[in-house]
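# Results of the structural survey
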Amino acid sequence: MKKRKILFPVLCCALLLSACVQGTREEDADKQGSTTGVQIEEKDGKEFFVFQDVEGNTYRSELQEKAPRNTYDFANLHTDEETGFKSYKDEKTGTVSRMGIDVSEFQGEDIDWKQVRESGIEFVIVRLGYRAYGETGELVLDDMFDQNVQGALDAGLDVGVYFFSQAITPGEAVEEAEFVLKHIRGYEIYGPVVYDTEEIKGDTARTDGNTRQEFTNYCKVFCDTIEQSGYDPMIYANMKWMAFTLDMDELEGYDFWYADYHDVPQCPYEYEIWQYSETGTVPGINANVDLNIWFQEPGTETE
């Protein structure tokens, strides 16, 4: 699979970015210290990276050789003091960001999507559904999927979707992809179709017996099935998942949505979207919401 750069149609984001970045470059760089966010160590001719999880636990993992490295310079990262929204603009490379959120039924029934867009949000990734992590592995549609997608589209937002997987066979990964395709064909979905696998904390899950190779293969199976139907697939993961659960060398060429709630993301590998908060506030939504920025390079276009 060749690397894809996905670009939603630009919706007057230049003025928003300009307003966010004025007067904050030096202050943000001082606060963040490192401009890459990645700590690399060398030992016995090998490279390792060091990172922390959300609970402050420190981990060390060997850097995989084939997986492309990210080249973001986070001296170019800025935070709007009023909204808390982050933005990125690199004058040297031309890379800029767009501001987005992801939502599910947990954000409630009363989202005012017009107000969400007017606040500066440009894209939304909507949870389509999930496979239950109990023994039955039932496929479930998010209760608010249709309402959220239609509301976001009506407000002029660009929309992608994600599906929480609990696949334990290649056939189940295909089944999950086909379930997603069935429910998005009636909508103008130009954003990513995301495969989401995560650790189930504090409980057992049907995927507990999956090996690293199996988790990696299921990512490929889901994403390839989605791509064959003309949509843009993506994989959601945090740093622990990339370091210890997925084989990033084998996933070279697949796009990633990376979750990291530190001030500067710690991932050494290439990713397209950074989910930087799970406790964000956005006008029009009466609950905390995940905040994301999408890094977009010059010259990329939506097919």
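Look a little higher up for the structure.
As a starting point, this report considers the structure included with it.

Definitions and cut-offs
Residues numbered from 1 in each chain as written. Predicted model: local features only at pLDDT ≥ 70, side-chain atom pairs only at ≥ 80, totals over all residues. Heavy atoms only, no water. Pairing = 2+ DSSP bridges. Helix = DSSP H or I, 4+ residues; strand = E, 2+ residues; numbered from the N terminus. Axes fitted to C-alpha atoms, helices over the stretch in contact; angles between N-to-C directions. Salt bridge = Lys/Arg side-chain N within 4 Å of Asp/Glu carboxyl O. Buried < 20%, exposed > 50% of the residue type's maximum accessible area, 1.4 Å probe, protein only.

Taken in spatial order, the 3 strands make up an open sheet running β1-β2-β3, and their pairing is antiparallel. Strand pairing shows two members of the sheet lacking a second neighbour, β1 (39–43) and β3 (58–62), which therefore form its edges. Sheet twist, expressed as the average angle between the axes of neighbouring strands with direction ignored, equals 30°.

This brings us to the pattern of salt bridges. A complete count under the given rule lists 12 salt bridges for this structure. Its salt-bridge partner being E175, residue R131 comes within 2.8 Å of it at the nearest N-O pair. Of the two residues, R131 is situated in strand β7 (residues 123–131) and E175 in helix α5 (residues 170–184); the sequence distance between them amounts to 44 residues. A relative accessible area of 38% places E175 in the partly exposed class. In this structure, a network of salt bridges that share partners links the residues R131, E172, E175, E176 and R206.

Okay, the pairing of β1 next. Sheet topology note: the β1/strand β2 (residues 46–52) ladder contains 5 bridges and is antiparallel. Following the sheet pairing, E41 is matched in β2 by F48. As consecutive antiparallel partners, β1 and β2 are separated by 2 residues, and within that stretch D44 has a phi angle of approximately 55°, a positive value.

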